[in-house]
Amino acid sequence: MKRMRRWAVGLPALILLGNSASPPERVQPLPPSPRTDAPMPQPRRVPGPATFSYSGPRMQGGVVVGVAPAGTRLLTFNGAPVPVTPDGHFLIAFDRDAGPSATLVATLDDGRQVSDALVIAPRAWQIERLSTLPRFPRPEPEMARLRPAELAQIAAARRMRSDSTGWRETFLWPATGRISGMFGSQRVYQGQPGVYHSGVDVARPIGTPVLAPADGVVILAADHPFTLEGNLLMIDHGMELNSAFLHLSRIDVRVGERVRRGQVVGAVGMSGRATGPHLHWGMKWRDARIDPLLIAGPMPITAP
């Protein structure tokens, strides 16, 4: 069985990043790979006992690719059905606030059931406590008028399904540079928790190319800036795993277009609510918000 090299090597660095008061400017890169477009290492399905196998971090914000027991005809994750490929692979993920356990149940062709209780490791999130009120304490009338339609458009995009196999690839960073915002970080204003940060921010100049982190199908390419997200692009990687890129200065692809890993799909900007130019990369699996850093691995060292 192949190992999940990027996750396995980068995990200690990830835990340090999640606990630090401020993200490091430079992080050690992953060991070089002989192929930059090599597929994500997958656990190998072999005949044998009716057991599960997994690759990926079983922790809050993590994504796991697994292999179901041989002969699985139905797989459920916490009671909800999960698709299984012909070779037995499946994908699950854990929300930022996921509880300590989850359950997988495979129903086999002969009627037997195989279950596995997964332990989900907690993470220490970067929490900043402020004595001042948030910059945007209440929605303005214009935002209140526009926001429902924007949220409906985002929700409709996430309901779209594609046959992309990008989820099986090794994800790359859509832009490299200083990480200016960590997934899961949160501010507490005068004792009142604000919304936690749902992605990773990469500080780069306006116009810096944004690359597709893996193969996928475009499910949303905003034709005008949204109130918060600005120019918003969303790509489905298959298996209900999708990426969102916020605050873009431009979008180079259209809804329904298939994109390839490493393809330029847009450019960094500061549209919407942004205090400076950067790329916000968010990821979701179903309703679970997940940490892109756990998928793409530590940020490679880049030139200043």
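Just so it is clear, the model here is predicted, and its values are computed rather than measured.

> Whenever I open this one, helix α2 (residues 141-158) confuses me. Can you help?
Each α-helix winds once per 3.6 residues, and so residues spaced three or four apart point in a common direction. In a regular helix each residue adds 1.5 Å, so 18 residues correspond to 26 Å; α2 covers 27 Å between its end C-alpha atoms and thus fits that length. Inspection of α2 places M143, R147, E150, I154, A157 and R158 among the buried residues, and these make up the whole buried set.

> What is the right way to read the pattern of salt bridges from this model?
Between side chains of opposite charge, pairing is possible as soon as their charged atoms come close. By the definition in use, this model includes twelve salt bridges. Note that E150 and R147 form a salt bridge whose closest N and O atoms lie 2.8 Å from each other. A residue pair is termed a helical-turn pair when its members lie 3 or 4 positions apart in one helix, as E150 and R147 do in helix α2 at three residues. Overall, E150 belongs to the buried group, its relative accessible area being 5%. One salt bridge connects R260 with D215, and the closest N-O pair in it is separated by 2.9 Å. Note that R260 is positioned in the loop between β18 (258-259) and β19 (264-267) and D215 in the loop between β13 (209-211) and β14 (216-221), a separation of 45 residues in sequence.

> Just checking my understanding: could you explain the environment of E142 for this structure?
On the secondary structure map, E142 appears in helix α2. For E142 and T227, which are 85 residues apart along the polypeptide, the C-alpha to C-alpha distance reads 8.9 Å.

> Explain unusual backbone geometry here, please?
Keep in mind that most residues, glycine aside, have a negative phi and that most peptide bonds are trans. Its identity is not glycine, yet N78 carries a phi of approximately 50°, on the positive side. Within the secondary structure layout, N78 lies in the loop between β3 (72-77) and β4 (80-81). Positive phi outside glycine occurs at M239, with the angle close to 55°. In this structure, M239 sits in the loop between β15 (231-236) and β16 (241-248). Since its relative accessible area comes to 15%, M239 is described here as buried.

Conventions and cut-offs
Residues numbered from 1 in each chain as written. Predicted model: local features only at pLDDT ≥ 70, side-chain atom pairs only at ≥ 80, totals over all residues. Heavy atoms only, no water. Helix = DSSP H or I, 4+ residues; strand = E, 2+ residues; numbered from the N terminus. Expected span 1.5 Å × (residues − 1). Buried < 20%, exposed > 50% of the residue type's maximum accessible area, 1.4 Å probe, protein only. Salt bridge = Lys/Arg side-chain N within 4 Å of Asp/Glu carboxyl O.

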